[in-house]
Amino acid sequence: MSAPLGVIVAVRGDGEAAVVAEVDAHPRLAVVRRCADLAEAVAVARAGLGSVVVLSEQPHLDADAVAAIRAAGAGLVGVADGAAPRLEALGVPIARTGLAEAVLAAVDRPAPDFVPPPERGPGAVIAVWGTGGAPGRTTVAVNLAAESALAGHRTVLVDLDTYGASVATAVGLADEAPGIAAVARSAARGEDAAALLARHAVEVAPRLRVVTGLTRAARWPEVTAPALERLWPALRAQADVVVLDLAAPADGGPHGPGPRRDGATLAGLGEADAVVAVGGAEPHQLVRLVHALLDLDGPAPVVAVNRIRASVAGVRPEDAIAAALGRHAGVAEVWPLPWDLRACDAAARDGRTLAEVAPRSPLRRAIASMAEVVIAAARAARGEPATVTD
């Protein structure tokens, strides 16, 4: 006779004893651990000591905990005397009757990680990413989003930089606004993502809303890939164009259990319909850009080289940079973004966009031209027309 299946119990309150008794009474099941809290249950599942976790509603139950248990290869079964909105929102099947049968079913037919999210709407997602060393990713992201709104698209700009969020400052908002941390944390608990975005996305211009970034970089574990997975459908439904400002690090290699700091960047790159890769014009930044492009998975990005000037790249800097990137990284086309210190300083000082402070700036014009092409490509990937009509 085969050994009984191990069951991990993480049930709060008086109902725990009844759950343990029912599981142990079944000949094919055995309780291997009665956990004091959810964290212990996750740890026991990761250790491979049980095949199914039976749990009830509890304070720290969220999408990340469910994902961790699933990643450990364990099934999930919920128990509840009445309504269990968090369990249901996170896709945990609830055993109202026949607990032992539900546990066996969880082993034979594992439930999905979460309730399947709504079908993604028509909104296009553009990820602005690039090298480290401050090449101007946020400047490009903010002004690309501004040009999208000026073109008539309902636009949401999301600061997903888990190392140095700066979108709030760039658009003149107080950096203590809740922003992405509040939205992601609540979405991970199973709350309505659309309602969260409606509450926390701040309108900064006609057709342009902003979800601000982390107020402290140390809060990066709050913005996880499972939480973002629950946000993407709501973002696409509420906007024609979603612009993501991503941090540079994107190490897709093996990693240990738990959240990872580049998780938001990887999730954003994976969700994007178009990627803008930003690098600086200085020689060392071009080397970084070549390495980053060679390591990037997925479709070829739109490559934008920022702060181009003859003093660092020669007499014909655009041609020299395009030739170097073509030779070393196989880049077919480069969008040159010229050095325009005066316009950037004015925008930074006032917390406004280039279109507001320097509409005739060469940099503003270059970003506007690039934005038109990128937005059209991203919307085409969603089967949507390049332009919108009121």
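Data block above holds the structure.
Scope of this entry: the structure provided in the associated data block. Predicted model only: the values in this text are computed from it and were never measured. (Residues numbered from 1 in each chain as written. Predicted model: local features only at pLDDT ≥ 70, side-chain atom pairs only at ≥ 80, totals over all residues. Heavy atoms only, no water.)

1. Some thoughts on the layout of surface pockets
Here is the rule: We place a 1 Å grid over just the protein atoms. Points where a 1.4 Å probe fits but has no way out form a cavity, open points with protein on both sides within 12 Å along at least 5 of 7 lines form a pocket, and any residue with an atom within 4 Å of a point lines it. Grid points are joined across faces, edges and corners, and a volume is the space filled by probe spheres set on the points. Strands are runs of DSSP state E lasting at least 2 residues, helices are runs of H or I lasting at least 4, and numbering of each runs from the N terminus. Gly falls in the polar group here, along with every residue not listed as nonpolar (Ala, Val, Leu, Ile, Met, Phe, Trp, Tyr, Cys, Pro) or charged (Asp, Glu, Lys, Arg).
Of the voids in this model, the second largest pocket is the one considered here, and its volume is about 540 Å³. Every residue lining the second largest pocket is counted, 27 residues in all, and those nearest its centre are Gly 136, Thr 138, Thr 139, Arg 307 and Ala 348. Looking at the lining of the second largest pocket, the elements with two or more residues in it are helix H6 (137–150), helix H7 (167–170), strand S11 (302–308) and helix H15 (341–350). Class assignment of the residues belonging to the lining of the second largest pocket gives a composition of 12 nonpolar, nine polar and six charged.

2. Side note on empty space enclosed by the protein
This structure, assessed with the given rule, holds one cavity of 30 Å³ or more. If you trace the largest cavity, you find it lined by Val 158, Ile 180, Leu 197, Val 211, Leu 228, Leu 231 and Leu 235. Sorting elements by how many residues they give to the lining of the largest cavity places helix H10 (residues 225–238) first, with three residues. Class assignment for the residues of the lining of the largest cavity results in seven nonpolar, no polar and no charged.

3. Here we look at the sheet that holds strand S1 (residues 5–10)
So the rule is basically this: Strands pair, by our definition, only if DSSP identifies at least two bridges between them. To get an axis, fit a line to the C-alpha atoms, keeping to the stretch in contact for a helix; angles then go from 0 to 180 degrees between the N-to-C directions. By definition, residues are in contact when any of their heavy atoms lie within 4.5 Å.
With parallel pairing, the four strands of this open sheet are ordered in space as S2-S1-S3-S4. Both outer strands of the open sheet, strand S2 (29–34) and strand S4 (75–78), are each paired with one neighbouring strand and no more. For this sheet the average axis-to-axis angle between neighbouring strands, irrespective of direction, equals 30°. Helix-sheet contacts for helix H2 (residues 38–46) involve S1, S2 and strand S3 (52–55), and the interaxial angle to S1 is about 160°. Of the strands in this sheet, S3 and S4 touch helix H3 (residues 63–71), which is tilted by about 135° from S4.

4. Details of the sheet that holds strand S5 (residues 124–130)
In spatial order, the strands read S7-S8-S6-S9-S5-S10-S11-S12; together these eight strands make up an open sheet with mixed pairing. With one partner strand each, in any of the chains shown, strand S7 (202–205) and strand S12 (334–338) form the two edges of the open sheet. Taken pair by pair, the neighbouring strands of this sheet meet at an average axis angle of 25°, ignoring direction.

5. Observations concerning H10
For an α-helix, 3.6 residues make a turn, and residues three or four places apart therefore share a direction. Inclusion rule: To estimate the expected span of a helix, count its residues, drop one, and scale the result by 1.5 Å. Here the bend at each residue means the angle between axes fitted to two seven-residue stretches, the one ending at that residue and the one beginning there. For each residue, the accessible area found with a 1.4 Å probe, counting protein chains only, is set against the maximum for its type, and the residue is called buried under 20%, exposed over 50%, and partly exposed in between.
The end-to-end C-alpha distance of H10, which contains 14 residues, comes to 20 Å, matching closely the 20 Å that a straight helix rising 1.5 Å per residue would cover. At Leu 231, H10 is bent by approximately 30°, the largest bend along its length, and proline Pro 233 sits one to four residues beyond. Across the 14 residues that make up H10, a large majority, 11, are buried. Listed in full, the buried residues belonging to H10 are Pro 226, Ala 227, Leu 228, Arg 230, Leu 231, Trp 232, Pro 233, Ala 234, Leu 235, Arg 236 and Gln 238.

6. A short note on the environment of Ala 3
Its place among the elements puts Ala 3 in the segment before S1. Spatially, the C-alpha atom of Ala 3 lies 15 Å from that of Gly 48, the residues being 45 residues apart in sequence.

7. Some words on the packing of H2 against H3
Selection rule: The labels follow the angle: roughly parallel below 35 degrees, roughly antiparallel above 145, roughly perpendicular from 65 to 115, and oblique for the rest. When the near helix sits turned anticlockwise from the far one by under a right angle, the crossing is termed left-handed; a clockwise turn instead gives a right-handed crossing.
Between H2 and H3, whose axes approach to 8 Å, the crossing angle comes to 20°. Looking at the two axes, H2 sits roughly parallel to H3. By crossing handedness, the relation of H2 to H3 is classed as left-handed. Seen from H2, the contacting residues are Leu 38, Val 42 and Arg 46; seen from H3, they are Ala 65, Ala 68 and Ile 69. Tallied by class, the residues present in the contact of H2 with H3 amount to five nonpolar, no polar and one charged.

8. Looking at the pairing of S2
Pairing of S1 with S2, which is carried by five bridges, proceeds in the parallel orientation. In the sheet register, Val 9 faces S2, and the bridge partner there is Arg 34.

9. With respect to the pattern of salt bridges
Basically, it comes down to this: The working definition used for a salt bridge is a side-chain nitrogen of Lys or Arg within 4 Å of a carboxyl oxygen of Asp or Glu.
Scanning the entire structure with this criterion turns up 15 salt bridges. Two residues, Asp 161 and Arg 137, come together in a salt bridge whose shortest N-O distance is 3.5 Å. With Asp 161 in the loop between strand S6 (155–160) and H7 and Arg 137 in helix H6, this pair connects stretches of sequence that are 24 residues apart. Taken individually, Asp 161 and Arg 137 each receive the classification buried, so the pair is uniform in this respect. The closest approach of N and O atoms between Glu 222 and Arg 185, which form a salt bridge, is 2.4 Å. A residue pair is termed long-range when its members are at least 10 positions apart, and Glu 222 in the loop between strand S8 (208–211) and H10 and Arg 185 in helix H8 (residues 179–188) qualify at 37 residues. Beyond isolated ion pairs, a larger network of salt bridges with shared partners links Arg 185, Arg 219 and Glu 222.

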